[in-house]
Structure formats: C-alpha cells, structure tokens
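# Understanding the architecture of this molecule
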Amino acid sequence: MFKKFSHEDVSAQNQVKASVQRKIRQSIAEEYPGLEPVLDDLIPKKSPLIVVKCQNHLNLVVVNNVPLFFNIRDGPYMATLRLLHQYPNVMKKFQVDRGAIKFVLSGANIMCPGLTSPGGVLDEEVLEDTPVAIMAEGKQHALAIGYTKMSAKDIKNVNKGIGVDNMHYLNDGLWKMLRLE
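Now for a quick tour of the structure.

Procedures and definitions
- Residues numbered from 1 in each chain as written.
- Predicted model: local features only at pLDDT ≥ 70, side-chain atom pairs only at ≥ 80, totals over all residues.
- Heavy atoms only, no water.
- Core = buried A, V, L, I, M, F, W, Y, C linked by side-chain atoms within 4.5 Å.
- Buried < 20%, exposed > 50% of the residue type's maximum accessible area, 1.4 Å probe, protein only.
- Contact = heavy atoms within 4.5 Å.
- Helix = DSSP H or I, 4+ residues; strand = E, 2+ residues; numbered from the N terminus.
- Expected span 1.5 Å × (residues − 1).
- Pairing = 2+ DSSP bridges.

## Regarding the nonpolar core
Counting 42 residues, the largest nonpolar core has Tyr32, Ile43, Leu60 and Phe69 as its most contacted members. Tyr32 has contacts with Phe69, Tyr77, Met78, Ala79, Val90, Met91 and Pro131, leaving out every residue within four places of it along the chain. With 20 residues, the next largest nonpolar core counts Val104, Leu115, Leu143 and Val164 among its residues.

## Comments concerning helix 1 (residues 18–31)
An α-helical segment advances 3.6 residues per turn. Residues three or four places apart therefore align on the same side. With 14 residues, helix 1 should reach 20 Å at 1.5 Å per residue; the first-to-last C-alpha distance of 20 Å fits that figure. Among the residues of helix 1, Gln21, Ile24, Arg25, Ser27, Ile28 and Ala29 are the ones counted as buried. On its buried side, helix 1 packs onto helix 2 (39–42), strand 2 (49–54), strand 3 (58–63) and strand 4 (66–72).

## Side note on the sheet that holds strand 6 (residues 92–96)
Pairing is mixed in the open sheet, where five strands are placed in the order 6-8-9-10-7. Each of the sheet's edge strands pairs with one partner strand only, and the pair in question is strand 6 and strand 7 (110–111). Both strand 9 (residues 142–148) and strand 10 (residues 162–169) contribute to a ladder of five bridges, which runs antiparallel. Bridge pairing in strand 10 links Ile145 to His168.

Take a look at the structure:
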C-alpha cells in the first residue's frame, strides 16, 4: 500500500470543517477505545485537522503536519505505526514467527502459517475485516499494520492463504514521511 509512497502521491490537502472533524474524532474514538483518554492531546479541538487525499482512494488524517491515521475509501481508520509505537495497546495484536519477519518488512501480506506456527500468536476474538497490529516474535514494537481477510478462528482452522493484508509496515513510504509539509 505505502511501498513507494511519497509527496508526489498527494493530490489534495483540505482543512476540514468542525462538523467533519467531530465525525472523524468520533469514529476514531469508537474504533480505538484505548485512545479515548489521550484523544484530546492527539487531535486537539482547536488545532486544524487536515485530510490529505492521495492516489488509490487513500486519505491521511494529519494534525500539526504529522500523519496520525489513514483509511481507504470510507473504511475504518487505521493508526500509523509511529502512533502505534507511542500507544501500543490501542489495536488488537497478531504475532508472526521469526521466519515471516523479513517478508512482512518487504511488504508481503501475512500468510496463515506464519501466524499459526509455534512463534505466532493469534487473538481469538478478532473478526474478519478488522485492523490489527502485526508484532514480531521476540520484538516489542509492531512491525506492520494490517487488515484481516478472515477471522482468527478461520486463520487457525484453514491455515492456508493470506490471513492479513499488509497495509503499512516499517520503512515504507508513510513511515519515512515524518512530516507532511
């Protein structure tokens, strides 16, 4: 998704009205209940909220020139990895085994065997089409953010094919873009 993302992929930047800002804050609060106490610090009510429209129907939510969330079309908002490293417990977590790390870091989708092998860990409550943080065996920070293709129970039972779509990973274009000027 963000493999070759750069400033050239940005098509428009719009400061949103207060009503749209409230709607974005509300949907983020619903998706990430763990962020509720710090949401006023992340997205201050008086600070301008900018929605950056990019190619492939991608929207970035930017506050103080720092991308915090992204979504595709009108899908759920997903936290960027930098935000996830600051607040690690806001998303459900899957863990991949050591063998999958280099593939995930090059942008590959997460396959079911990488999640169900001895080094992998699944959160049983995760349903299909849910944003999840992808952790690595033996590491403390998330290495990717993905979107489940099937529920955790199906991943465990089927154990074949793509389990999680890799949306954003360490060292991709969005990670390298510290600020959006």
